[in-house]
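Single-letter residue listing:
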Amino acid sequence: EGMSYWNYGFGHFLELGISVRRATGGKVDYFAHPRAVKAMRYAFAYRLDNDISPRFADGSGNPDGDLVKIGLEVWPELKAEADSTLPLRSEFPDGQVWLMRLPAGEGTGFAFGCKGGHNAEHHNHNDVGSYNVLVDGELVAGDVGGEVYTARTFSDRRYESKVINSYGHPVPRVGGRLQGTGRPYAARVVKTDFTD
């Protein structure tokens, strides 16, 4: 659900894992699970630029530097990966998110992120087909991200919000209509063919 949720959820997981590791003298180590290191790597790859992550649905924000430091204490072997230049692209096929970058050294720093998905995701927004465009470190076009939560946000009136329904997202209208809610409203990846 984006970097703000990584900061919150994975941040608590880091704290829990360190506490359990200390309390058990290392006999129980949640960090040994392969999914844990994969979740840590998310903070390195889910960025359009070094300090800017894409905004899709409720997800916004950037990796919390303190959490990254804690994670690198757990997995010191990831330091080089954390410090390295972002690759030309990062792919998250399960969530249908692709991030592509052109480094500033090759002219204007440019990055593009796009999202497929479906309209029954956790904390869903009707945003299938949303995107973000970054030029020289500035988000210049694309999704606005989430809204401030209210009681309405998690009620049957959720999609009255112009930020949550597709009105507030840079997505196409088909026949002048906003996207519908639910699993049938989904992107289908037909082909991916990336070259440098």
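No experiment lies behind these values; they were computed from the predicted model shown. (Residues numbered from 1 in each chain as written. Predicted model: local features only at pLDDT ≥ 70, side-chain atom pairs only at ≥ 80, totals over all residues. Heavy atoms only, no water.)

### Brief notes about the layout of surface pockets
Rolled over the atoms, a probe as big as a water molecule pinpoints where empty space is left. By volume, the largest pocket amounts to about 1,400 Å³. E1, G2, Y42, F92 and G95 are the residues nearest the centre of the largest pocket, which is lined by 45 residues in total. When residues of the lining of the largest pocket are traced back to their parent elements, those giving at least two are α1 (3-23), α2 (34-45), β1 (89-92) and β7 (182-186). Broken down by element, the lining of the largest pocket gets its largest block of residues, 8 residues, from α2. When its residues are assigned to classes, the lining of the largest pocket shows 19 nonpolar, 13 polar and 13 charged. (1 Å grid on protein atoms, 1.4 Å probe; cavity = no way out; pocket = protein on both sides within 12 Å on 5 of 7 lines; lining within 4 Å. Points joined across faces, edges and corners; volume = space filled by probe spheres on them. Helix = DSSP H or I, 4+ residues; strand = E, 2+ residues; numbered from the N terminus. Nonpolar A, V, L, I, M, F, W, Y, C, P; charged D, E, K, R; others polar.)

### Observations regarding the pattern of salt bridges
According to the stated counting rule, one finds 8 salt bridges in the structure shown. Among the ionic pairs, E121 bridges to K115, the shortest N-O distance being 3.2 Å. Under the relative-accessibility criterion, K115 is labelled buried at 8%. Across the pair D127 and K115 runs a salt bridge whose closest N-O atoms are separated by 3.1 Å. Here K115 lies in strand β3 (residues 110-115) and D127 lies in the loop between β4 (118-119) and β5 (131-135), a separation of 12 residues in the sequence. Each member of the pair D127 and K115 is classed as buried. Within the structure, one salt-bridge network assembled from shared partners comprises K115, E121 and D127. (Salt bridge = Lys/Arg side-chain N within 4 Å of Asp/Glu carboxyl O. Buried < 20%, exposed > 50% of the residue type's maximum accessible area, 1.4 Å probe, protein only.)

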